[in-house]
Amino acid sequence: MKYFLVTIGCQMNDADARYVAAELERRGYAPAAQLEEANLILLNTCVVRQQAENKALARLRELAEWRARRPELRIILMGCLVGARPSPDFSTRFPFVDVFLPPSDIGPLLRFLDEQGERDRGERDRERQPAGRKAPANELPVETNDEEAVFPPSRRGEPTAGVPVVLGCSQACTYCVIPYRRGRERSRLPQDVLSEVRRLAEAGVREVTLLGQIIDRYGKDLLNSGDLADLLGAVADIDGLARVRFLTSHPSYLSERIIRTVAENPKICPVFELPIQAGSDAVLAAMRRGYTSADYRRLTDRIRSAIPHAALHTDIIVGFPGETEDQFEQSVRIVEEIGFQKIHIARYSPRPLTWAARHLIDNVPPAEKTRRQQRIEAIQKAIQTRQNAALIGTTVEVLVDGRDELRGRWRGRSADDRLVFFSSSRARPGDLIRVHIEWTGPFTLIGRDPRAGNEGPLPPALSAARGT
Ligand code: SAH
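Residues numbered from 1 in each chain as written. Predicted model: local features only at pLDDT ≥ 70, side-chain atom pairs only at ≥ 80, totals over all residues. Heavy atoms only, no water.

Strand-to-strand pairing in sheets goes through backbone hydrogen bonds, with the strands running parallel or antiparallel. Sheet architecture is open: three strands sit in the order S6-S9-S10, paired in parallel fashion. Strand pairing shows two members of the sheet lacking a second neighbour, strand S6 (160-164) and strand S10 (243-247), which therefore form its edges. Strand after strand, the sheet turns through a mean of 20° between neighbouring axes, direction not considered. With five bridges connecting them, strand S9 (residues 207-211) and S10 associate as parallel partners. Within S10, the residue paired with Val-208 across the bridge is Val-244. Along the sheet, helix H1 (residues 11-26) contacts S6, S9 and S10; its crossing angle with S6, the most-contacted strand, is approximately 100°. The sheet strands contacting helix H7 (residues 228-236) are S9 and S10, and the helix crosses S10 at an angle near 155°. (Pairing = 2+ DSSP bridges. Helix = DSSP H or I, 4+ residues; strand = E, 2+ residues; numbered from the N terminus. Axes fitted to C-alpha atoms, helices over the stretch in contact; angles between N-to-C directions. Contact = heavy atoms within 4.5 Å.)

So, on to the sheet that holds strand S16 (residues 419-423). Pairing within the closed barrel is mixed, and its five strands lie in the order S14-S15-S16-S18-S17. Along the sheet, successive strands turn relative to each other by an average axial angle of 50°, direction set aside. Across five bridges, the pairing between strand S14 (residues 395-404) and strand S17 (residues 432-440) is antiparallel. Note that in S17 the partner of Leu-399 across the bridge is Leu-432.

This next bit is on the nonpolar core. Among the nonpolar cores identified, the biggest contains 68 residues, and Val-208, Leu-210, Val-235, Phe-246 and Phe-272 are the most heavily contacted of them. Here this core gets six residues from one element, more than from any other, and that element is H7. Excluding its chain neighbours within four sequence positions, the residues that come into contact with Phe-246 are Thr-209, Leu-210, Ile-215, Leu-228, Leu-232, Ile-258, Val-262, Ile-268, Cys-269, Val-271 and Phe-272. Grouped together as the second largest cluster of nonpolar side chains are 28 residues, Cys-46, Leu-57, Cys-80 and Leu-81 included. (Core = buried A, V, L, I, M, F, W, Y, C linked by side-chain atoms within 4.5 Å. Buried < 20%, exposed > 50% of the residue type's maximum accessible area, 1.4 Å probe, protein only.)

On to the confidence of the model for the protein. Chain-level statistics for the protein give a pLDDT mean of 91 and a share of 90% at 70 or above. Scored below 50 in pLDDT, residues 129-153 shows 52 contacts in the model against residues more than four places distant or in partner chains. Throughout residues 462-468 the model reports pLDDT below 50, and contacts reaching past four residues in sequence, or to other chains, amount to seven contacts. (pLDDT = per-residue confidence, 0-100.)

Before going further, it helps to spend a moment on the site of the ligand. Surveying the vicinity of the ligand reveals 15 residues, the closest of which are Tyr-175, Gln-213, Gln-277, Asp-315 and Ser-349. Contacts to the ligand include Gln-277, whose side-chain N or O atom sits 2.8 Å from an oxygen atom. Between the ligand and Asp-315, the relevant distance is 2.5 Å, taken from an oxygen atom to a side-chain nitrogen or oxygen of the residue. Taken by itself the ligand offers 530 Å² of open surface, and the protein chains cover 91% of this. Elements that contribute at least two residues to the shell around the ligand include exactly strand S12 (311-318) and strand S13 (342-347). For the shell around the ligand, the per-class residue count stands at seven nonpolar, three polar and five charged. (Near = heavy atom within 4 Å. Polar contact = N/O pair within 3.5 Å; in protein donor to acceptor, adjacent residues only side chain to side chain. Areas by Shrake-Rupley, 256 points an atom, 1.4 Å probe, with all protein chains shown as cover. Nonpolar A, V, L, I, M, F, W, Y, C, P; charged D, E, K, R; others polar.)

On to the layout of surface pockets. Each pocket or cavity is described by its volume, and for the second largest pocket that value is around 500 Å³. Surrounding the second largest pocket, 23 residues form its lining, Gly-83, Ala-84, Arg-85, Tyr-180 and Arg-181 being those nearest its centre. Counting residues per element, the ones that place at least two in the lining of the second largest pocket are helix H3 (90-93) and helix H5 (178-182). When residues in the lining of the second largest pocket are grouped by element, the largest group, four residues, is from H5. Of the residues in the lining of the second largest pocket, the class split is eleven nonpolar, three polar and nine charged. (1 Å grid on protein atoms, 1.4 Å probe; cavity = no way out; pocket = protein on both sides within 12 Å on 5 of 7 lines; lining within 4 Å. Points joined across faces, edges and corners; volume = space filled by probe spheres on them.)

Taken as a whole and assessed by the stated rule, the structure comprises seven aromatic pairs. Considering the side-chain rings of Phe-90 and Phe-100, the 5.4 Å spacing of their centres and the 40° angle between planes classify their relative orientation as tilted. One end of the pair, Phe-90, is in helix H3; the other, Phe-100, is in strand S5 (residues 99-101), and ten residues separate them in sequence. Seen from their ring centres, Tyr-296 and Phe-340 are 6.3 Å apart, and the 55° between their planes marks the pair as tilted. With Tyr-296 in helix H10 (residues 293-306) and Phe-340 in the loop between helix H11 (325-338) and S13, this pair connects stretches of sequence that are 44 residues apart. Its relative accessible area of 0% is what places Tyr-296 among the buried residues. (Phe/Tyr/Trp six-rings, centres within 6.5 Å; stacked < 30°, edge-to-face > 60°.)

Here it is as C-alpha coordinates:
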(Lines give C-alpha, C1' and ligand atoms only; values in the text may rest on other atoms or scores of the structure.)
Protein backbone atom coordinates (compact mmCIF):
# COMPACT_ATOMS: atom_id res chain seq x y z
CA MET A 1 0.00 0.00 0.00
CA LYS A 2 1.25 3.46 -0.86
CA TYR A 3 0.31 6.94 0.33
CA PHE A 4 0.82 10.38 -1.17
CA LEU A 5 0.70 13.39 1.13
CA VAL A 6 0.37 16.97 -0.07
CA THR A 7 0.92 19.71 2.51
CA ILE A 8 -0.13 23.32 2.02
CA GLY A 9 0.68 25.81 4.78
CA CYS A 10 2.83 26.44 7.80
CA GLN A 11 5.41 24.51 9.82
CA MET A 12 2.66 23.30 12.13
CA ASN A 13 1.08 21.60 9.11
CA ASP A 14 4.45 20.11 8.16
CA ALA A 15 4.74 18.68 11.67
CA ASP A 16 1.22 17.23 11.48
CA ALA A 17 2.23 15.68 8.15
CA ARG A 18 5.28 14.09 9.80
CA TYR A 19 3.10 12.42 12.43
CA VAL A 20 0.66 11.12 9.86
CA ALA A 21 3.43 9.82 7.58
CA ALA A 22 5.15 8.12 10.51
CA GLU A 23 1.92 6.42 11.58
CA LEU A 24 1.20 5.22 8.04
CA GLU A 25 4.75 3.91 7.62
CA ARG A 26 4.53 2.13 10.96
CA ARG A 27 1.53 0.29 9.57
CA GLY A 28 3.32 -0.74 6.42
CA TYR A 29 2.40 2.04 3.99
CA ALA A 30 5.23 3.34 1.81
CA PRO A 31 5.42 6.86 0.40
CA ALA A 32 4.44 6.95 -3.30
CA ALA A 33 6.77 8.82 -5.61
CA GLN A 34 3.79 10.00 -7.65
CA LEU A 35 0.15 10.59 -7.01
CA GLU A 36 -0.75 7.99 -9.66
CA GLU A 37 0.80 5.18 -7.61
CA ALA A 38 -0.98 5.95 -4.35
CA ASN A 39 -3.80 3.95 -2.76
CA LEU A 40 -4.24 6.64 -0.15
CA ILE A 41 -4.02 10.39 -0.80
CA LEU A 42 -3.85 12.93 2.03
CA LEU A 43 -4.41 16.63 1.48
CA ASN A 44 -3.15 18.80 4.36
CA THR A 45 -4.75 22.24 4.12
CA CYS A 46 -4.34 25.88 5.17
CA VAL A 47 -7.03 28.57 5.31
CA VAL A 48 -5.13 31.51 6.82
CA ARG A 49 -5.86 33.56 3.70
CA GLN A 50 -8.45 33.07 0.97
CA GLN A 51 -5.69 32.27 -1.51
CA ALA A 52 -4.52 29.27 0.51
CA GLU A 53 -8.10 28.07 0.89
CA ASN A 54 -8.66 28.39 -2.87
CA LYS A 55 -5.57 26.30 -3.49
CA ALA A 56 -6.89 23.59 -1.17
CA LEU A 57 -10.33 23.66 -2.81
CA ALA A 58 -8.78 23.40 -6.30
CA ARG A 59 -6.75 20.37 -5.19
CA LEU A 60 -9.89 18.85 -3.72
CA ARG A 61 -11.70 19.18 -7.05
CA GLU A 62 -8.83 17.32 -8.73
CA LEU A 63 -9.05 14.62 -6.09
CA ALA A 64 -12.80 14.25 -6.72
CA GLU A 65 -11.98 13.49 -10.36
CA TRP A 66 -9.30 10.98 -9.38
CA ARG A 67 -11.70 9.25 -7.07
CA ALA A 68 -14.36 9.09 -9.78
CA ARG A 69 -11.88 7.32 -12.04
CA ARG A 70 -10.47 5.07 -9.32
CA PRO A 71 -13.19 4.22 -6.79
CA GLU A 72 -10.80 2.08 -4.71
CA LEU A 73 -8.69 5.16 -3.94
CA ARG A 74 -9.00 6.47 -0.37
CA ILE A 75 -8.84 10.20 0.34
CA ILE A 76 -8.10 11.95 3.62
CA LEU A 77 -8.59 15.66 4.13
CA MET A 78 -6.65 17.18 7.01
CA GLY A 79 -5.59 20.53 8.46
CA CYS A 80 -7.24 23.89 8.89
CA LEU A 81 -9.88 23.47 6.19
CA VAL A 82 -11.28 20.66 8.35
CA GLY A 83 -10.99 22.67 11.58
CA ALA A 84 -11.06 21.57 15.20
CA ARG A 85 -14.74 20.63 14.97
CA PRO A 86 -15.40 19.41 11.43
CA SER A 87 -18.63 20.81 10.07
CA PRO A 88 -21.39 18.18 9.79
CA ASP A 89 -22.04 19.13 6.16
CA PHE A 90 -18.52 18.11 5.07
CA SER A 91 -19.53 14.60 4.10
CA THR A 92 -22.19 16.00 1.75
CA ARG A 93 -19.90 18.75 0.42
CA PHE A 94 -16.99 16.35 -0.08
CA PRO A 95 -18.55 12.89 -0.51
CA PHE A 96 -15.33 11.54 -2.05
CA VAL A 97 -13.37 12.15 1.17
CA ASP A 98 -13.13 9.10 3.47
CA VAL A 99 -11.74 10.75 6.59
CA PHE A 100 -11.59 14.31 7.93
CA LEU A 101 -8.65 14.96 10.27
CA PRO A 102 -8.69 18.06 12.48
CA PRO A 103 -5.34 19.87 12.88
CA SER A 104 -2.88 18.05 15.18
CA ASP A 105 -5.31 15.18 15.80
CA ILE A 106 -4.65 11.83 14.18
CA GLY A 107 -7.37 9.99 16.14
CA PRO A 108 -9.78 9.65 13.17
CA LEU A 109 -6.93 8.34 11.00
CA LEU A 110 -6.12 5.62 13.52
CA ARG A 111 -9.78 4.57 13.69
CA PHE A 112 -9.98 4.53 9.91
CA LEU A 113 -6.81 2.44 9.56
CA ASP A 114 -8.00 0.03 12.24
CA GLU A 115 -11.33 -0.45 10.48
CA GLN A 116 -9.60 -0.78 7.15
CA GLY A 117 -7.25 -3.39 8.65
CA GLU A 118 -10.17 -5.33 10.12
CA ARG A 119 -11.98 -5.26 6.79
CA ASP A 120 -8.91 -6.43 4.87
CA ARG A 121 -8.26 -9.18 7.38
CA GLY A 122 -11.93 -10.18 7.28
CA GLU A 123 -11.77 -10.53 3.52
CA ARG A 124 -8.55 -12.53 3.70
CA ASP A 125 -10.02 -14.76 6.38
CA ARG A 126 -13.13 -15.48 4.35
CA GLU A 127 -11.00 -16.30 1.34
CA ARG A 128 -8.25 -18.36 2.96
CA GLN A 129 -9.00 -19.35 6.49
CA PRO A 130 -11.19 -22.19 7.71
CA ALA A 131 -14.61 -20.96 8.75
CA GLY A 132 -15.04 -19.97 12.37
CA ARG A 133 -11.52 -18.62 12.99
CA LYS A 134 -11.49 -15.07 14.17
CA ALA A 135 -9.21 -12.45 12.70
CA PRO A 136 -6.33 -11.66 15.07
CA ALA A 137 -6.79 -8.52 17.09
CA ASN A 138 -4.77 -5.53 16.04
CA GLU A 139 -1.84 -5.64 18.40
CA LEU A 140 0.00 -2.60 17.20
CA PRO A 141 0.47 -0.20 20.10
CA VAL A 142 -1.65 2.86 19.56
CA GLU A 143 0.46 5.67 20.89
CA THR A 144 -2.02 8.44 20.93
CA ASN A 145 -3.70 9.64 24.00
CA ASP A 146 -6.21 12.01 22.53
CA GLU A 147 -4.84 15.07 20.78
CA GLU A 148 -1.87 15.88 23.06
CA ALA A 149 -0.29 12.64 22.02
CA VAL A 150 3.29 11.54 21.73
CA PHE A 151 3.81 10.55 18.15
CA PRO A 152 6.44 8.41 16.50
CA PRO A 153 9.14 10.29 14.62
CA SER A 154 9.46 10.01 10.89
CA ARG A 155 11.84 7.38 9.63
CA ARG A 156 12.88 9.33 6.60
CA GLY A 157 16.12 10.54 8.11
CA GLU A 158 15.60 14.26 7.75
CA PRO A 159 18.05 16.25 9.92
CA THR A 160 15.47 18.85 11.01
CA ALA A 161 11.98 18.52 12.45
CA GLY A 162 9.23 20.78 13.79
CA VAL A 163 7.66 19.80 17.10
CA PRO A 164 4.35 21.41 18.09
CA VAL A 165 4.40 22.28 21.79
CA VAL A 166 1.51 24.74 22.00
CA LEU A 167 -1.52 23.59 20.04
CA GLY A 168 -4.33 25.96 19.04
CA CYS A 169 -4.59 29.63 19.97
CA SER A 170 -6.85 31.62 22.28
CA GLN A 171 -5.69 35.09 21.28
CA ALA A 172 -8.35 37.03 19.44
CA CYS A 173 -6.51 39.03 16.78
CA THR A 174 -9.39 40.47 14.79
CA TYR A 175 -8.15 39.26 11.38
CA CYS A 176 -7.11 35.75 12.28
CA VAL A 177 -9.03 32.55 11.64
CA ILE A 178 -6.55 30.21 13.37
CA PRO A 179 -8.31 30.11 16.77
CA TYR A 180 -11.49 29.02 14.96
CA ARG A 181 -9.68 26.25 13.14
CA ARG A 182 -7.07 24.96 15.56
CA GLY A 183 -9.12 25.30 18.71
CA ARG A 184 -8.25 26.82 22.08
CA GLU A 185 -4.66 27.10 23.25
CA ARG A 186 -3.20 24.08 25.04
CA SER A 187 0.39 23.14 25.89
CA ARG A 188 1.72 19.62 25.58
CA LEU A 189 3.30 18.21 28.73
CA PRO A 190 7.09 18.75 28.92
CA GLN A 191 7.71 15.01 29.39
CA ASP A 192 5.79 14.27 26.16
CA VAL A 193 7.75 16.89 24.24
CA LEU A 194 11.07 15.70 25.64
CA SER A 195 10.43 12.05 24.90
CA GLU A 196 9.41 12.91 21.35
CA VAL A 197 12.55 15.03 20.82
CA ARG A 198 14.72 12.27 22.29
CA ARG A 199 13.29 9.82 19.81
CA LEU A 200 13.81 12.31 16.98
CA ALA A 201 17.43 12.74 18.04
CA GLU A 202 17.89 8.96 18.17
CA ALA A 203 16.50 8.79 14.64
CA GLY A 204 19.17 11.26 13.47
CA VAL A 205 17.45 14.64 13.79
CA ARG A 206 20.01 17.36 14.64
CA GLU A 207 17.78 20.41 14.85
CA VAL A 208 14.26 20.80 16.21
CA THR A 209 11.97 23.80 16.00
CA LEU A 210 9.46 24.07 18.82
CA LEU A 211 6.19 25.34 17.38
CA GLY A 212 3.21 27.25 18.68
CA GLN A 213 0.97 30.07 17.49
CA ILE A 214 2.22 32.00 20.51
CA ILE A 215 5.11 29.86 21.60
CA ASP A 216 6.01 32.21 24.49
CA ARG A 217 2.78 31.18 26.22
CA TYR A 218 4.05 27.61 26.60
CA GLY A 219 3.13 26.14 29.97
CA LYS A 220 0.70 28.88 31.04
CA ASP A 221 -2.11 26.33 31.06
CA LEU A 222 -0.09 23.66 32.90
CA LEU A 223 0.61 23.25 36.60
CA ASN A 224 4.25 23.33 37.79
CA SER A 225 5.54 22.47 34.34
CA GLY A 226 7.74 25.48 33.75
CA ASP A 227 7.71 27.92 30.87
CA LEU A 228 9.22 28.12 27.39
CA ALA A 229 12.63 29.05 28.81
CA ASP A 230 12.67 25.83 30.87
CA LEU A 231 11.51 23.76 27.93
CA LEU A 232 14.11 25.26 25.58
CA GLY A 233 16.86 24.52 28.10
CA ALA A 234 15.70 20.93 28.63
CA VAL A 235 15.40 20.28 24.89
CA ALA A 236 18.84 21.77 24.25
CA ASP A 237 20.30 19.30 26.78
CA ILE A 238 19.20 16.29 24.72
CA ASP A 239 22.17 14.30 23.39
CA GLY A 240 22.74 14.38 19.68
CA LEU A 241 20.81 17.58 19.11
CA ALA A 242 22.91 20.42 17.72
CA ARG A 243 20.34 23.20 17.51
CA VAL A 244 16.99 24.28 18.88
CA ARG A 245 14.70 26.89 17.36
CA PHE A 246 11.30 28.16 18.41
CA LEU A 247 8.45 30.09 16.79
CA THR A 248 6.19 32.11 16.69
CA SER A 249 6.66 34.76 19.38
CA HIS A 250 4.15 37.47 20.28
CA PRO A 251 5.46 40.89 21.37
CA SER A 252 3.26 40.86 24.48
CA TYR A 253 4.48 37.48 25.73
CA LEU A 254 8.16 37.17 24.78
CA SER A 255 9.67 37.39 28.28
CA GLU A 256 13.06 38.58 29.58
CA ARG A 257 13.59 35.04 30.83
CA ILE A 258 13.18 33.62 27.32
CA ILE A 259 15.55 36.23 25.87
CA ARG A 260 18.12 35.48 28.56
CA THR A 261 17.88 31.73 27.92
CA VAL A 262 18.50 32.27 24.21
CA ALA A 263 21.42 34.58 25.02
CA GLU A 264 23.05 32.09 27.38
CA ASN A 265 22.51 28.78 25.63
CA PRO A 266 24.67 28.31 22.53
CA LYS A 267 22.45 25.50 21.20
CA ILE A 268 19.39 27.77 21.02
CA CYS A 269 19.48 29.68 17.73
CA PRO A 270 19.38 33.47 18.13
CA VAL A 271 16.34 33.99 15.90
CA PHE A 272 13.14 35.70 16.97
CA GLU A 273 10.04 35.33 14.82
CA LEU A 274 8.19 38.33 16.13
CA PRO A 275 5.23 39.43 13.99
CA ILE A 276 4.58 43.16 14.22
CA GLN A 277 1.68 43.11 11.70
CA ALA A 278 1.53 46.94 11.37
CA GLY A 279 3.52 50.04 12.21
CA SER A 280 0.50 52.21 13.03
CA ASP A 281 -0.87 52.15 16.57
CA ALA A 282 -4.41 52.73 15.31
CA VAL A 283 -4.16 49.70 13.02
CA LEU A 284 -2.56 47.62 15.79
CA ALA A 285 -5.46 48.54 18.07
CA ALA A 286 -8.00 47.60 15.38
CA MET A 287 -6.19 44.28 15.01
CA ARG A 288 -6.35 43.91 18.83
CA ARG A 289 -2.70 42.99 19.01
CA GLY A 290 -2.24 44.41 22.51
CA TYR A 291 0.96 46.45 21.97
CA THR A 292 2.03 49.70 20.34
CA SER A 293 4.82 50.23 17.85
CA ALA A 294 6.85 51.87 20.68
CA ASP A 295 6.43 48.70 22.78
CA TYR A 296 7.65 46.70 19.83
CA ARG A 297 10.70 48.91 19.34
CA ARG A 298 11.58 48.66 23.03
CA LEU A 299 11.35 44.88 22.85
CA THR A 300 13.63 44.64 19.80
CA ASP A 301 16.09 46.98 21.56
CA ARG A 302 16.10 44.68 24.57
CA ILE A 303 16.68 41.62 22.37
CA ARG A 304 19.55 43.34 20.60
CA SER A 305 21.21 44.53 23.76
CA ALA A 306 21.08 40.99 25.17
CA ILE A 307 22.01 39.31 21.86
CA PRO A 308 23.70 41.74 19.45
CA HIS A 309 23.81 39.16 16.64
CA ALA A 310 20.13 38.16 16.99
CA ALA A 311 18.12 37.79 13.79
CA LEU A 312 14.67 39.34 13.84
CA HIS A 313 11.96 38.06 11.51
CA THR A 314 8.52 39.57 11.26
CA ASP A 315 5.09 39.34 9.61
CA ILE A 316 3.23 42.35 8.26
CA ILE A 317 -0.31 42.61 6.95
CA VAL A 318 -0.93 45.33 4.36
CA GLY A 319 -4.37 46.71 3.50
CA PHE A 320 -6.09 45.92 6.80
CA PRO A 321 -9.61 47.50 6.64
CA GLY A 322 -9.29 51.26 6.78
CA GLU A 323 -5.48 51.31 6.62
CA THR A 324 -4.65 54.75 5.21
CA GLU A 325 -1.62 55.65 3.14
CA ASP A 326 -0.13 57.39 6.19
CA GLN A 327 -0.69 54.36 8.38
CA PHE A 328 0.87 52.11 5.78
CA GLU A 329 3.90 54.43 5.65
CA GLN A 330 4.36 53.79 9.37
CA SER A 331 4.81 50.09 8.54
CA VAL A 332 7.40 51.11 5.94
CA ARG A 333 9.23 53.26 8.48
CA ILE A 334 9.49 50.54 11.08
CA VAL A 335 10.82 48.13 8.44
CA GLU A 336 13.50 50.65 7.51
CA GLU A 337 14.38 51.32 11.14
CA ILE A 338 14.57 47.84 12.60
CA GLY A 339 16.40 46.03 9.82
CA PHE A 340 14.67 42.65 9.90
CA GLN A 341 16.43 39.68 8.42
CA LYS A 342 13.22 38.32 6.93
CA ILE A 343 9.66 39.58 6.53
CA HIS A 344 6.54 37.79 5.48
CA ILE A 345 4.20 40.35 3.98
CA ALA A 346 0.56 39.37 3.48
CA ARG A 347 -2.30 41.22 1.83
CA TYR A 348 -5.26 41.38 4.21
CA SER A 349 -7.83 38.72 3.45
CA PRO A 350 -11.18 38.67 5.30
CA ARG A 351 -11.71 35.31 7.01
CA PRO A 352 -15.05 33.84 8.07
CA LEU A 353 -16.11 34.31 11.71
CA THR A 354 -13.30 36.75 12.51
CA TRP A 355 -14.24 40.03 14.16
CA ALA A 356 -12.75 42.07 11.30
CA ALA A 357 -14.68 40.15 8.65
CA ARG A 358 -17.91 40.63 10.57
CA HIS A 359 -17.50 44.29 11.49
CA LEU A 360 -15.12 46.00 9.09
CA ILE A 361 -15.27 46.66 5.37
CA ASP A 362 -12.39 45.29 3.33
CA ASN A 363 -11.97 48.67 1.65
CA VAL A 364 -8.37 48.72 0.44
CA PRO A 365 -8.56 47.70 -3.24
CA PRO A 366 -6.60 44.56 -4.26
CA ALA A 367 -4.28 46.54 -6.56
CA GLU A 368 -3.44 48.91 -3.71
CA LYS A 369 -2.74 45.99 -1.36
CA THR A 370 -0.38 44.58 -3.98
CA ARG A 371 1.35 47.94 -4.37
CA ARG A 372 1.88 48.17 -0.60
CA GLN A 373 3.15 44.61 -0.48
CA GLN A 374 5.61 45.23 -3.32
CA ARG A 375 6.80 48.48 -1.81
CA ILE A 376 7.80 46.79 1.45
CA GLU A 377 9.22 43.82 -0.41
CA ALA A 378 11.52 46.07 -2.44
CA ILE A 379 12.76 47.91 0.66
CA GLN A 380 13.30 44.66 2.50
CA LYS A 381 15.15 43.13 -0.43
CA ALA A 382 17.64 46.00 -0.33
CA ILE A 383 18.06 45.56 3.43
CA GLN A 384 18.72 41.83 3.09
CA THR A 385 21.14 42.44 0.22
CA ARG A 386 23.11 44.81 2.46
CA GLN A 387 23.01 42.57 5.53
CA ASN A 388 24.13 39.49 3.60
CA ALA A 389 26.88 41.33 1.70
CA ALA A 390 28.52 42.09 5.06
CA LEU A 391 29.07 38.33 5.42
CA ILE A 392 31.32 37.97 2.37
CA GLY A 393 34.70 36.68 3.53
CA THR A 394 33.37 35.43 6.86
CA THR A 395 32.86 31.85 8.01
CA VAL A 396 29.36 30.65 8.86
CA GLU A 397 28.43 27.39 10.57
CA VAL A 398 25.84 25.55 8.48
CA LEU A 399 23.67 22.58 9.35
CA VAL A 400 23.48 20.62 6.11
CA ASP A 401 19.90 19.71 5.23
CA GLY A 402 20.16 18.47 1.67
CA ARG A 403 21.62 18.79 -1.76
CA ASP A 404 20.78 20.92 -4.77
CA GLU A 405 21.42 18.20 -7.37
CA LEU A 406 20.80 20.48 -10.31
CA ARG A 407 23.73 22.69 -9.42
CA GLY A 408 25.78 20.04 -7.63
CA ARG A 409 26.03 21.80 -4.29
CA TRP A 410 24.98 21.33 -0.69
CA ARG A 411 22.27 23.29 1.06
CA GLY A 412 21.90 24.24 4.69
CA ARG A 413 21.11 27.00 7.16
CA SER A 414 23.21 29.12 9.45
CA ALA A 415 22.25 29.32 13.12
CA ASP A 416 20.69 32.71 12.38
CA ASP A 417 18.59 31.08 9.66
CA ARG A 418 20.23 32.21 6.44
CA LEU A 419 20.05 29.86 3.48
CA VAL A 420 23.53 28.77 2.41
CA PHE A 421 24.66 26.82 -0.67
CA PHE A 422 28.19 25.49 -0.73
CA SER A 423 30.55 23.03 -2.33
CA SER A 424 32.22 20.29 -0.31
CA SER A 425 33.37 16.75 -0.89
CA ARG A 426 32.71 15.57 2.65
CA ALA A 427 29.32 17.06 3.62
CA ARG A 428 26.40 14.83 4.61
CA PRO A 429 22.89 15.83 5.68
CA GLY A 430 22.93 16.53 9.41
CA ASP A 431 26.59 17.65 9.48
CA LEU A 432 27.63 20.98 10.92
CA ILE A 433 30.11 22.53 8.49
CA ARG A 434 31.94 25.83 8.64
CA VAL A 435 31.45 27.46 5.26
CA HIS A 436 33.54 30.28 3.87
CA ILE A 437 31.14 32.78 2.26
CA GLU A 438 32.13 34.05 -1.18
CA TRP A 439 28.97 35.41 -2.75
CA THR A 440 25.73 36.77 -1.31
CA GLY A 441 22.34 37.84 -2.62
CA PRO A 442 19.20 39.03 -0.84
CA PHE A 443 17.99 35.49 -0.15
CA THR A 444 21.07 33.24 -0.20
CA LEU A 445 24.73 32.98 0.67
CA ILE A 446 27.11 30.91 -1.46
CA GLY A 447 30.47 29.58 -0.33
CA ARG A 448 32.73 26.60 0.09
CA ASP A 449 33.92 24.25 2.74
CA PRO A 450 37.59 25.27 3.10
CA ARG A 451 38.53 21.97 4.79
CA ALA A 452 37.46 19.76 1.87
CA GLY A 453 38.04 19.61 -1.84
CA ASN A 454 35.43 21.33 -3.92
CA GLU A 455 33.36 19.37 -6.35
CA GLY A 456 33.03 20.48 -9.91
CA PRO A 457 32.84 23.98 -11.26
CA LEU A 458 31.61 26.96 -9.29
CA PRO A 459 27.85 27.53 -9.35
CA PRO A 460 26.92 29.89 -12.21
CA ALA A 461 25.88 32.69 -9.87
CA LEU A 462 29.26 32.56 -8.19
CA SER A 463 31.35 32.53 -11.34
CA ALA A 464 29.26 35.43 -12.66
CA ALA A 465 29.80 37.37 -9.45
CA ARG A 466 33.53 36.77 -9.65
CA GLY A 467 33.68 37.95 -13.22
CA THR A 468 32.32 41.38 -12.36
N1 SAH B 1 0.30 32.93 15.46
C2 SAH B 1 1.19 33.64 14.61
C3 SAH B 1 0.99 33.29 13.14
C4 SAH B 1 -0.35 33.44 12.58
S5 SAH B 1 -0.59 33.08 10.88
C6 SAH B 1 1.04 35.12 14.92
O7 SAH B 1 0.56 35.46 15.97
O8 SAH B 1 1.41 35.94 14.13
C9 SAH B 1 0.81 33.73 10.06
C10 SAH B 1 0.65 35.11 9.51
O11 SAH B 1 -0.39 35.17 8.57
C12 SAH B 1 0.30 36.16 10.54
O13 SAH B 1 1.40 36.58 11.25
C14 SAH B 1 -0.30 37.25 9.69
O15 SAH B 1 0.70 38.16 9.25
C16 SAH B 1 -0.86 36.49 8.50
N17 SAH B 1 -2.32 36.49 8.54
C18 SAH B 1 -3.12 35.93 9.45
N19 SAH B 1 -4.42 36.18 9.15
C20 SAH B 1 -4.42 36.92 8.02
C21 SAH B 1 -5.45 37.50 7.23
N22 SAH B 1 -6.73 37.37 7.54
N23 SAH B 1 -5.08 38.20 6.12
C24 SAH B 1 -3.78 38.33 5.80
N25 SAH B 1 -2.78 37.82 6.52
C26 SAH B 1 -3.08 37.12 7.63
